[in-house]
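Chain by chain, the residues:
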Amino acid sequence: MKFFFSGHVFKRMAERGFSPDAIKAVIQNGTVIKDYPDDTPYPSRLILGYDGERPVHVVSAYNPAEDKEYVITVYEPDALRWSNDFTERR
């Protein structure tokens, strides 16, 4: 699988202290907590994973025809806005 990080995503990752390798690991090993099947041009999903002890949410979309994962955004979920396990909004 190939990964696509836009300039915007790279900027946000740098601001938030996430490396491309950490985000790839979240996409490959994390848990999908929400699907967005109607997103275009490809269905996307919200994935929960961890960078060490730090929780990470990644929104990405997969294009099977190109075997390419498009990373849309990356952020650390706010503990005040998410459940203790970071899988549901409060």
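Before reading on, note that the structure itself is shown above.
A.B. asks: Give me the side chain of Ser 60: which residues, what numbers.
C.D. replies: Tracing the backbone shows Ser 60 in strand β4 (residues 54-63). Overall, Ser 60 belongs to the buried group, its relative accessible area being 0%. A polar contact is formed between the side chain of Ser 60 and the side chain of Glu 69, at a distance of 2.6 Å.

A.B. asks: Could you give an account of the pairing of strand β1 (residues 2-5), naming the residues involved and the relevant values?
C.D. replies: Residue alternation in β1 divides its side chains into a buried set, Phe 3 and Phe 5, and an unburied set, Lys 2 and Phe 4. With four bridges joining them, β1 and strand β5 (residues 68-75) adopt parallel strand pairing. Bridge pairing in β5 links Phe 3 to Glu 69.

A.B. asks: Help me get a handle on the packing of aromatic side chains, residues and values and all.
C.D. replies: Going through the model one piece at a time under the given rule, you end up with three aromatic pairs. Judged by centre distance (5.4 Å) and plane angle (55°), the ring pair of Phe 4 and Tyr 70 falls under tilted. Residue Phe 4 is found in strand β1, and its partner Tyr 70 is found in strand β5; the two are separated by 66 residues along the sequence. Plain terms: the ring middles of Phe 5 and Phe 10 are 5.2 Å apart, the flat faces sit at 40° to each other, and that makes the pair tilted. The structure contains a cluster of three or more aromatic residues connected by ring pairs, namely Phe 4, Tyr 42 and Tyr 70.

A.B. asks: Go over the sheet that holds β5 with me, naming the residues and quoting the values.
C.D. replies: Each strand in a sheet pairs with another by means of backbone hydrogen bonds, the pair being arranged parallel or else antiparallel. The sheet built from five strands is open, its strands ordered β1-β5-β4-β3-β2 with mixed pairing. Each edge of the open sheet carries a strand with a single partner, namely β1 and β2 (31-36). Sheet twist, expressed as the mean angle between neighbouring strand axes with direction ignored, is 35°. Across the sheet, helix α1 (residues 7-16) lies against β1, β4 and β5, angled at about 40° from β5, the strand it touches most. Sheet strands in contact with helix α2 (residues 20-29) are β1, β2, β3 (44-51), β4 and β5, and its direction is about 115° off that of β3.

About the cut-offs
- Residues numbered from 1 in each chain as written.
- Predicted model: local features only at pLDDT ≥ 70, side-chain atom pairs only at ≥ 80, totals over all residues.
- Heavy atoms only, no water.
- Helix = DSSP H or I, 4+ residues; strand = E, 2+ residues; numbered from the N terminus.
- Buried < 20%, exposed > 50% of the residue type's maximum accessible area, 1.4 Å probe, protein only.
- Polar contact = N/O pair within 3.5 Å; in protein donor to acceptor, adjacent residues only side chain to side chain.
- Pairing = 2+ DSSP bridges.
- Phe/Tyr/Trp six-rings, centres within 6.5 Å; stacked < 30°, edge-to-face > 60°.
- Axes fitted to C-alpha atoms, helices over the stretch in contact; angles between N-to-C directions.
- Contact = heavy atoms within 4.5 Å.

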